Amino acid sequence: MLTFFICLAILIVGYFLYGKYTEMVFGPTSDPTPAMTMQDGVDYIPLSTPKVFLIQLLNIAGLGPIFGAIAGALWGPSAFLWIALGTIFAGGVHDYLSGMISERHNGASISELSGIYLGPIMKFIMRIFAIVLLVLVGTVFMKGPADLLAKLTPEALNANFWLIVVLIYYFLATLLPIDQIIGKIYPVFGVVLIIMALGIGGEILFHAFSGTMTIPEFSFINPHPKGLPRWPLLFITIACGAISGFHATQSPLMARCIKTEADGRKVFYGAMVGEGIIALIWAAAGMTFYNGTAGLAQALSNGGPAAVVYDISFSLLKHAGGFLAILGVIACPITSGDTAFRSARLTIADWFKVDQKPWKSRLLISIPLLGVGGLLTRINFDIIWRYFAWSNQTLAMIALWVAAMYLFLNKKNYFIAVVPATFMSAVSMTYILIAPEGFRLPQTIAYPAGIIFAVACLLTFVIVIINKKKKGLVVPPTPVTSV
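Thresholds applied
- Residues numbered from 1 in each chain as written.
- Predicted model: local features only at pLDDT ≥ 70, side-chain atom pairs only at ≥ 80, totals over all residues.
- Heavy atoms only, no water.
- Helix = DSSP H or I, 4+ residues; strand = E, 2+ residues; numbered from the N terminus.
- Rg over C-alpha atoms; globule rule 2.2 N^0.38 Å.
- Buried < 20%, exposed > 50% of the residue type's maximum accessible area, 1.4 Å probe, protein only.
- Contact = heavy atoms within 4.5 Å.
- Areas by Shrake-Rupley, 256 points an atom, 1.4 Å probe, with all protein chains shown as cover.
- Lys, Arg positive; Asp, Glu negative; His and termini not counted.
- Charge placed at Lys NZ, Arg CZ, Asp CG, Glu CD.
- Polar contact = N/O pair within 3.5 Å; in protein donor to acceptor, adjacent residues only side chain to side chain.
- Axes fitted to C-alpha atoms, helices over the stretch in contact; angles between N-to-C directions.
- Parallel < 35°, antiparallel > 145°, perpendicular 65-115°, else oblique.
- Left-handed = near helix turned anticlockwise from the far one by under 90°.
- Nonpolar A, V, L, I, M, F, W, Y, C, P; charged D, E, K, R; others polar.
- Phe/Tyr/Trp six-rings, centres within 6.5 Å; stacked < 30°, edge-to-face > 60°.
- Lys NZ or Arg CZ within 6 Å of the ring centre and 35° of its normal.
- Salt bridge = Lys/Arg side-chain N within 4 Å of Asp/Glu carboxyl O.
- Core = buried A, V, L, I, M, F, W, Y, C linked by side-chain atoms within 4.5 Å.
- UniProt positions renumbered as here; feature names shortened; annotations may be inferred.
- Patch = residues over 30% accessible without salt bridge, like charges linked within 9 Å, V, L, I, M, F, W, Y side chains within 5 Å.

Caption draft 1: Structural context of the overall build of the chain. When helices and strands are counted, the chain shows 17 helices and zero strands. For the chain, whose C-alpha radius of gyration is 21 Å, the value lies close to the compact-globule estimate of 23 Å for 483 residues. A principal-axis box enclosing the C-alpha atoms of the chain has dimensions of 65 × 50 × 40 Å. Residue burial in the chain is summarised as follows: out of 483 residues, 58% are buried. Within the chain, residue pairs in contact and separated by at least 24 positions form 83% of the contacts whose partners lie at least 6 positions apart. On the chain, roughly 18,300 Å² of surface is accessible, and the fraction owed to carbon and sulfur atoms is 72%. Of the charged side chains in the chain, 30 are positive and 21 negative; the average position of the first set lies 7 Å away from that of the second.

Caption draft 2: Here's a closer look at the side chain of S361. Inspection of the secondary structure assignment puts S361 in helix α14 (residues 359-376). When its relative accessible area of 18% is taken as the criterion, S361 is described as buried. Engagement of the side chain of S361 in a polar contact is seen with the backbone oxygen of D355, the distance being 3.3 Å. With residues up to four places along the chain from it excluded, the contact list for S361 reads V354, D355 and Q356.

Caption draft 3: Highlighting the packing of helix α1 (residues 2-26) against helix α5 (residues 78-104). Packing of α1 against α5 brings their axes to within 9 Å, and their N-to-C directions diverge by 25 degrees. Considered as vectors, α1 and α5 are oriented roughly parallel to each other. The interaxial crossing formed by α1 with α5 has right-handed handedness. Among the residues making up the contact of α1 with α5, the classes are represented as 19 nonpolar, four polar and two charged.

Caption draft 4: Structural detail: the packing of aromatic side chains. Across all of its chains, the model carries 28 aromatic pairs by this definition. For the ring pair F5 and F209, a centre distance of 6.2 Å and an interplane angle of 40 degrees mean the geometry is tilted. Here F5, found in helix α1, pairs with F209, found in helix α9 (residues 182-210); they are 204 residues apart in sequence, far enough to count as distant. Classification of F5 by relative accessible area gives partly exposed; the value is 31%. Clustering of aromatic rings is evident, with ring pairs tying together W401, F408, Y414, F415 and F461. It is R265 that lies over the ring of Y15; its NZ or CZ is 4.8 Å from the centre.

Caption draft 5: Up close: the pattern of salt bridges. Considering all chains together, one arrives at seven salt bridges under this definition. Across the pair D43 and R342 runs a salt bridge whose closest N-O atoms are separated by 2.8 Å. One end of the pair, D43, is in the loop between α2 (34-37) and α3 (49-60); the other, R342, is in helix α13 (residues 293-352), and 299 residues separate them in sequence. Here the two residues D43 and R342 agree in accessibility, since each one is buried. E112 is paired through a salt bridge with R127; the nearest N and O atoms lie 3.0 Å apart.

Caption draft 6: Spotlight on the nonpolar core. With 152 residues, the main nonpolar core has I66, F80, L97, Y170, M254, W282 and F461 as its most contacted residues. Examining the composition of this core, we find that 21 residues originate from one element, α13, more than from any other. Residue contacts for M254: discarding those within four places in its chain leaves V52, I55, Q56, N59, I178, V267 and F268.

Caption draft 7: Layout of the UniProt feature "domain: CstA N-terminal" (unreviewed entry) in the chain. According to UniProt, the "domain: CstA N-terminal" (unreviewed entry) feature falls on residues 4-143, 157-282 and 306-430. Its end C-alpha atoms 28 Å apart, residues 157-282 is made of 63% helix and 0% strand.

Caption draft 8: Here's a closer look at unusual backbone geometry. Here the bond from W231 into P232 is cis, since omega is -5 degrees, no more than 30 degrees from zero. With respect to the helices and strands, P232 occurs in the loop between α9 and α10 (233-237). Even without glycine at this site, N106 takes up a positive phi of about 60 degrees. Along the chain, N106 turns up in the loop between α5 and α6 (110-118). One non-glycine residue with positive phi stands out, namely N291, at about 60 degrees. Topologically, N291 is positioned in the loop between α12 (264-289) and α13. Its relative accessible area of 68% is what places N291 among the exposed residues.

Caption draft 9: Quick peek at the environment of I55. Mapped onto the elements, I55 comes out in helix α3. As a C-alpha pair, I55 and I182 span 127 residues in sequence and 7.4 Å in three-dimensional space. Apart from the residues lying within four places of it in its own chain, the contact partners of I55 are L47, I182, G183, Y186 and M254.

Caption draft 10: Structural view of a nonpolar patch on the surface. Residues I121, F124, I125, I128 and V132 make up a contiguous nonpolar surface patch of about 480 Å² in total accessible area. With respect to the secondary-structure elements, I121 resides in helix α7 (residues 120-152).

Okay, here's the thing in structure tokens:
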């Protein structure tokens, strides 16, 4: 239990200390934001700070901090440490900087920012990469909620029925102005999500203090039932609860809605910390409710993460509370899936300079995107999730290098981005080399190769900034105007 409370304290204190330091490094100004200067009634709409925070939290808190945290709990309390340290020193920095740099460039998408700070080749790669990731996210977050809704409703309303319902909702949320659906229902979902997390967390702690359950403590012994290595699998499995590249695709949505730059830390860094707390609670619930990692592994084998969430929620909170908790779990992926498709629409619009104010322009992009997403739901969920997990962390790596270059060009402390960028470079490369869906290389090759790749990325960054200094090119790029 001590490990759990230490990590919870790291998350809370880290927001006020390291979050404030990150904000100080970036240096928010009182200049008008794009929400105030570029209002279009569709995507650029000023919203209140509490509303923007709840929308950002629900945008980023999909199945990752719940399903991913439960799967990551198979490595025991190591998951607590990664969630806490990853959130404060990597995820919070990633989300804040990607959101605020986008805001400084009038809400530009991460692919456009990559082109500005890492060059035209990276821009092209990131445009393709971001769209593929967003469609994968939308697909994953269609199927998960549909399966859970099928468990709560009569047998006639099966998973296929709910899949169609979710797809229709995604279409509307992708197409309509952000304040018409997302701005109205997200605050309600946000309250449900917070109640769910507090309810599950409170019950776990109650049982732990009463002695009926035990929250395990950290040990250097790997408790994974199959003996799978922590490195790099833990850091890929728990993505959205610690650091996630998907967030870099979501932050531009709220960069177009914040009223002042001073709101940035509350919205971007704060939402990441909120998601970290949710992940911490579900990781604790997974390993505690089933009395260790062996019991959790058996439960996951029998029914998957959706069944685990269902069992924990109804067992701990009974019928009314369990139903509310499940609604919170359903709200998380749905409210990330819809904005994934919305972000994909905006990324394509930025790419081809398509004005998104006319509804026909939005329709032209939305229909093919959702059609592809619907077709991908026919593929095995586990396969889609594994590719999503790797591409997600690779995008986080790239977004951090973008942030590092931005900070360098603006003569700020770029080490706050360089250190996590180097770490995530090692994670991403090692995973794809060792993973079953990757090159399946042995650890003796994958581990050194991952480290070499990370060092190469760091050296490349150092060489680039040295050359820029020599040539006198240390000048911030001119802000771009998004469509």
